[in-house]
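Chain residues, written in single-letter form:
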Amino acid sequence: MRASALQLAYLALSAATVAAAAPYQEYILAPPSRTVRPVLVYRQNGLVSSPDSLLDTGEEHPGDPLVLGAYNSSVTYDFGKNIAGWVNLNLASRNGSIAITFSESSLWVSSAASDATADAGLDSPLVFKFSSPGHYEAPYEKERGRFRYLTVVNVGINPISVDDLWVHFTAMPHWPDDALRNYTGWFHSNDEQLNRIWYAGAYTNQLVTIDPKRGNALNHIGQISSNSTVNGTLDWWLNTTITNGSSALTDGAKRDRLVWSGDMSIAVPGIALTTLDLISIRNSLDSLFNLQSTSGMLPYAGYPFNEMGLVSFTYHLYGLIGVANFYLYSGDKVFLDGKWPAWKLGIEWAVQQIDSTGLANVTAPNDWLRYGMGGHNIEANSILYYTLTVGVTLATDEGDGSTADRYAKLAARIQEAAISLLWQPSVGLFRDNETTTLAPQDGNAWAVKSGLVTNASQISAISSALQARWGAYGPPAPEAADAVSPFISGFELETHFMANRTDAALALIRRMWGDFMLDDPRMTNSTFIEGYSVTGALHYAPYTDDARISHAHGWATGPTSSLTTYVCGIKLLSGAGDTWTIVPQPGDLTDVDAGFSTSIGKFSSRWSRSDSTFRLSVSTPKDTTGTVGVPLPGKQNKALLAVGSATATVVHGDASGRYWIGGLSGGEHEFVAVAL
């Protein structure tokens, strides 16, 4: 199949009903309705009475209103998690002025200003000036894209009584109001922290899915830079249309609220495996291809950022990868057919950068805000290799054999040249380019993820060398000063899984995404931050204004897809899962239950293990085919294996300790391996 373009809108909405039975609802962070109230009083200042009266108790609100006394009396409310939307107030006083400030992190809670969206300064409070009692709602353009903390401040000279306060939740605007928790995917293991991480990633991707008519938070770009001195606070608003349709996948809900193809490379698999919100992905991809130049170049980012005229070799390739990812999870051949001419034109723009070395010589410095992009860069060439490789698959599906052959030959040339020119055997890592010994995180992770490196010992060496550099808060990205990049660390995470160093991968998830990004008290404890310092400071090297860091960024959600794809083991090989593999990687876990749906049905993998036994139950849609790799228990790399009701036989594992069963038809399959 399979899914036609006309089915996509249905698929986006059908998640609300199809996924209603998805298990483990207790972990889902999305609210049960779009009316969201605070759950705690975080702080209060001045003359305040009955602040608890506005909290969500699950019951009707008590009769006593919140009363804010003299000028500057305030209450900061905690919603317990990051949310997004319009503020609503029911005011009992006859007149006055009330200000609202917002912050994702507790670091920027203030009665004078909100956290930031510009390159310098802080955002202005949202002020309600009222002359009668009643209901007041934030203006259309004053939706706050994301916040956990909301401070209510009396900026008038008379006391103000507030009967009610709530937020109209605006993420996932195309889903029914009561269906925000209806996932198509699920994950559960014996490790509660991993479970919370998976669902926090899913929720982060929901928050960055917005109404495209309220895009672009970079209102002061070109006017205020990181070197600017800002007196007072800055106005902010959201009223730019960034894509067609009723929803769009963006980078971050507070900032930038723009379409960035690089961010989508992490977010799209996570979305496909949690909510199957394909229409938002498609709207964003379409917006990039609508801006493709006649030369084939895709924009660095979507409208209106594209008008700055910046060029990025890597983000151009990420746009092409986005089409391949969409096709993989949707199976929408009509979509691929429509994009294929533009896709091929995009490849031609990229391969024109290949010089006599066999590598692309990158001249555009723009990437994910890392430094030193250029020349025969290992990250850029690994991503080009990967794009050409997926292009072979797309060309084959399009019946374009000559194009598939050409892409394969170009990829092989890049592979040979990169290893010859940039591999550092003594370090166990690639160098950034031939003019330096700096071994970047991004290029080494992508060298493995892309398949450019195929030698198992070399893959293991890269994984081990990257792990050896970890600090207390995660892996450094030396190509970006002192930054820890959740974006690039998502690709490093895949490197460890692909090296079959599952314990290292799980250790990274727990250290970085669990102990720090999810559970540190400065975080939202619900969504994942854009970036931070190796010291643990919430400072991201590309920015000078720490308050502008996004605390819910889709590019930071890598563990959500990796836990499903590697730990659970389900990997789709062709459109919507016509072909698949299920190869669990247990690590130190003892049981996992996970799965998801596509347009052709449900995929699931449930396994448990002890020192002597591994049990695996899989379910895949009918009319599909696949392969299962069963991890053998014990230390002898052989086991007694029973497949379904068949008599158990002695089997021997491969070098990775797995026994492979191919040619399986879709349906229910049971495997039990007992150590010998």
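Coordinates for the structure precede this section.
Throughout what follows, the structure given in this document is the object of discussion. Predicted model only: the values in this text are computed from it and were never measured.

What counts, and at which threshold
Residues numbered from 1 in each chain as written. Predicted model: local features only at pLDDT ≥ 70, side-chain atom pairs only at ≥ 80, totals over all residues. Heavy atoms only, no water. Pairing = 2+ DSSP bridges. Helix = DSSP H or I, 4+ residues; strand = E, 2+ residues; numbered from the N terminus. Axes fitted to C-alpha atoms, helices over the stretch in contact; angles between N-to-C directions. Contact = heavy atoms within 4.5 Å. Phe/Tyr/Trp six-rings, centres within 6.5 Å; stacked < 30°, edge-to-face > 60°. Buried < 20%, exposed > 50% of the residue type's maximum accessible area, 1.4 Å probe, protein only.

## Thoughts on the sheet that holds strand β22 (residues 613-619)
On the basis of which strands lie adjacent, the open sheet formed by seven strands has the order β11-β20-β21-β22-β27-β24-β25 and antiparallel pairing. Two strands bound the open sheet, and with one partner strand each, they are β11 (186-189) and β25 (649-652). With strand direction ignored, the average angle separating the axes of adjacent strands in the sheet is 20°. Here five bridges tie strand β24 (residues 638-643) to strand β27 (residues 668-675), and the two strands are oriented antiparallel to one another. For Leu 641, the partnering residue across the bridge sits in β27 and is Ala 673. Contacts from helix α13 (residues 558-568) reach β11, β20 (591-598) and β21 (601-609) within the one sheet, and its direction differs from that of β20 by about 115°.

## What about the packing of aromatic side chains?
What the rule picks out here adds up to 33 aromatic pairs. Judged by centre distance (4.5 Å) and plane angle (10°), the rings of Phe 487 and Trp 555 are stacked. Highlighted residues: Phe 487 in helix α11 (residues 486-498) and Trp 555 in the loop between β17 (532-533) and α13, separated in sequence by 68 residues. Its relative accessible area of 0% is what places Phe 487 among the buried residues. The buried category is assigned to Trp 555, whose relative accessible area is 4%. Residues Phe 596 and Phe 603 carry aromatic rings whose centres are separated by 5.5 Å and whose planes lie at 20° to one another, so their mutual orientation is stacked. Neither residue differs from the other here; Phe 596 and Phe 603 are each classed as buried.

## Quick look at α13
Along α13, 11 of the 11 residues are buried, which leaves the element largely enclosed by surrounding structure. The set of residues buried in α13 consists of Gly 558, Pro 559, Thr 560, Ser 561, Ser 562, Leu 563, Thr 564, Thr 565, Tyr 566, Val 567 and Cys 568.

## What to know about the pairing of strand β19 (residues 579-582)
Sheet topology places strand β18 (residues 570-572) next to β19; three bridges connect them, and they run antiparallel. The residue bridging Lys 571 from the neighbouring strand is Thr 581, located in β19. In this structure, the hairpin formed by β18 and β19 is closed by a connection of six residues, where Ala 576 is found at a positive phi of approximately 65°. Pairing of β19 with strand β23 (residues 625-631), which is carried by four bridges, proceeds in the parallel orientation. Bridge assignment links Thr 581 to a residue of β23, and that residue is Thr 627.

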